[in-house]
Amino acid sequence: MPPFILLTNDDGIQSPGLRALFEVLGTLGPVRVVAPDRERSAVGHALTLHKPLRANQVEEGWYAVDGTPTDCVNLGVHGLLKQVPDLVVSGINRGANLADDITYSGTVAAAMEGALMGVPSIAVSLNRLDDPPELLQETARIALELARQALQEGLPPDTFLNLNTPASSARGVRLTVQGRRHYSDQVFPKIDPRGRTYYWLGGSERAFESLPGSDSQALEEGYASVTPLHLDLTNHRSLPLLRSWQQGQFFSETD
Ligand code: MN
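All figures in this text were calculated on a predicted structure; none of them were measured in a lab.

Concerning the overall build of the protein
Then, in step 1: From N to C terminus, the protein includes 7 helices and 13 strands.
Then, in step 2: Computed over its C-alpha atoms, the radius of gyration of the protein comes to 20 Å, within 12% of the 18 Å expected for a compact globule of 255 residues.
Then, in step 3: In terms of overall dimensions, the protein has a C-alpha envelope of 65 × 60 × 45 Å along the principal axes.
Then, in step 4: Counting only residues that meet the buried cut, the protein has 44% of its 255 residues in that class.

Listed below in structure tokens is the structure:
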């Protein structure tokens, strides 16, 4: 049986990156697209609970949803599709999703939602904002090969993959860890035509720490990066320190 694939993104159903993935993933098995009807970047793992959702079939097997990427995966799996997918792919995002930025990413959250449902899932992002066709195609080919490997070998429980490709043709693919970002974000106050202050977030250059083996370092050196992410946010390394609080008296004994 060829794998049944659910494809989504956070840049919206019109995005060329979504189309590029659709075209290559079709060589693996049937693909259904359930994607936001407009750009929903940086919505993180948001779920729409306070209004109904509508899905519009815009072409055969393509559904445009007035919700978030996480909504799309939910609606796809539990509502629109006739079967649970064997693979969830999210992307190709316009712009990289690296280091701490992945916590904001709708692209990554969609793959996280797939993982929460126990489905092997991959987030795919290209470190360009101008949709160059040849790099979208290259990214799609790398994603296809990664998807093939993940389906063949399987992924550990609660694990999903975050693939990023560099701004020019990749020298190879590195297995990486999540990097760290220097926060230099700014808030820009402006005055509206009625004399009231409004604000723009961000706009400053992103700066990543040069951590060897990290996702951002791989991209900087011209490599694509694959980081295995998991759903457990527990900082296991911090447990001994917290256990020692108040000489071990603060927390009750556990076994
Ligand atoms: Mn996006």
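Brief notes about the layout of surface pockets
Then, in step 1: Roughly 310 Å³ of internal volume is contained in the second largest pocket.
Then, in step 2: If you go around the second largest pocket, you meet 17 residues; those closest to its centre are Ile102, Met112, Gln178, His230 and Leu233.
Then, in step 3: Within the residue set of the lining of the second largest pocket, elements represented by two or more residues are helix 3 (106-116) and strand 13 (224-230).
Then, in step 4: If one sorts the elements of the lining of the second largest pocket by residue count, strand 13 sits on top with 4 residues.

Topic: the side chain of Glu138
Then, in step 1: Tracing the backbone shows Glu138 in helix 4 (residues 133-153).
Then, in step 2: It is Arg141 that comes nearest to the buried, bridge-free Glu138 among opposite-charge side chains, at 4.8 Å.
Then, in step 3: When neighbours within four sequence positions are excluded, Glu138 is seen to be in contact with Ser169 and Ala170.

Description of the nonpolar core
Then, in step 1: Of all hydrophobic cores here, the largest spans 33 residues; its most connected members are Leu21 and Leu25.
Then, in step 2: The residues touching Leu25, leaving out its near neighbours within four places in the chain, are Ile5, Leu7, Val31, Val89, Leu144 and Ala147.
Then, in step 3: If you look at the next biggest cluster of nonpolar residues, it comprises 13 residues, including Val65, Val77, Leu81 and Ala110.

Considering the coordination of the manganese ion
Then, in step 1: For the manganese ion, every protein donor is listed as Asp10 (OD), Asp11 (OD), Ser41 (OG) and Asn93 (OD1), and the spread of their distances is 2.1 to 2.3 Å.
Then, in step 2: When the donors of the manganese ion are listed by position in the chain, the intervening gaps give D-D-x29-S-x51-N. One end of the pair, Asp10, is in the loop between strand 1 (5-8) and helix 1 (16-25); the other, Asn93, is in strand 5 (residues 87-94), with 83 residues separating them in the sequence. Asn93 shares its class with Asp10; the two are buried.

Here's the deal with the sheet that holds strand 8 (residues 173-175)
Then, in step 1: Here we have 9 strands laid out as an open sheet, ordered 3-4-2-1-5-6-7-13-8, and mixed in their pairing. Both outer strands of the open sheet, strand 3 (55-59) and strand 8, are each paired with one neighbouring strand and no more. With strand direction ignored, the average angle separating the axes of adjacent strands in the sheet is 25°.
Then, in step 2: With 5 bridges connecting them, strand 5 and strand 6 (residues 121-126) associate as parallel partners. Of the residues in strand 6, the one forming a bridge with Val88 is Ser121.
Then, in step 3: Lying over the sheet, helix 1 contacts strand 1, strand 2 (31-36), strand 3, strand 4 (62-65), strand 5 and strand 6, oriented at roughly 140° with respect to strand 5.
Then, in step 4: Its contacts with the sheet put helix 3 on strand 1, strand 5, strand 6, strand 7 (159-165) and strand 13, and the angle it makes with strand 6 is roughly 170°.

What counts and how
- Residues numbered from 1 in each chain as written.
- Predicted model: local features only at pLDDT ≥ 70, side-chain atom pairs only at ≥ 80, totals over all residues.
- Heavy atoms only, no water.
- Helix = DSSP H or I, 4+ residues; strand = E, 2+ residues; numbered from the N terminus.
- Rg over C-alpha atoms; globule rule 2.2 N^0.38 Å.
- Buried < 20%, exposed > 50% of the residue type's maximum accessible area, 1.4 Å probe, protein only.
- 1 Å grid on protein atoms, 1.4 Å probe; cavity = no way out; pocket = protein on both sides within 12 Å on 5 of 7 lines; lining within 4 Å.
- Points joined across faces, edges and corners; volume = space filled by probe spheres on them.
- Lys, Arg positive; Asp, Glu negative; His and termini not counted.
- Salt bridge = Lys/Arg side-chain N within 4 Å of Asp/Glu carboxyl O.
- Contact = heavy atoms within 4.5 Å.
- Core = buried A, V, L, I, M, F, W, Y, C linked by side-chain atoms within 4.5 Å.
- Donors = N, O, S within 2.8 Å, 3.2 Å for Na, K, Ca; no water.
- Pairing = 2+ DSSP bridges.
- Axes fitted to C-alpha atoms, helices over the stretch in contact; angles between N-to-C directions.

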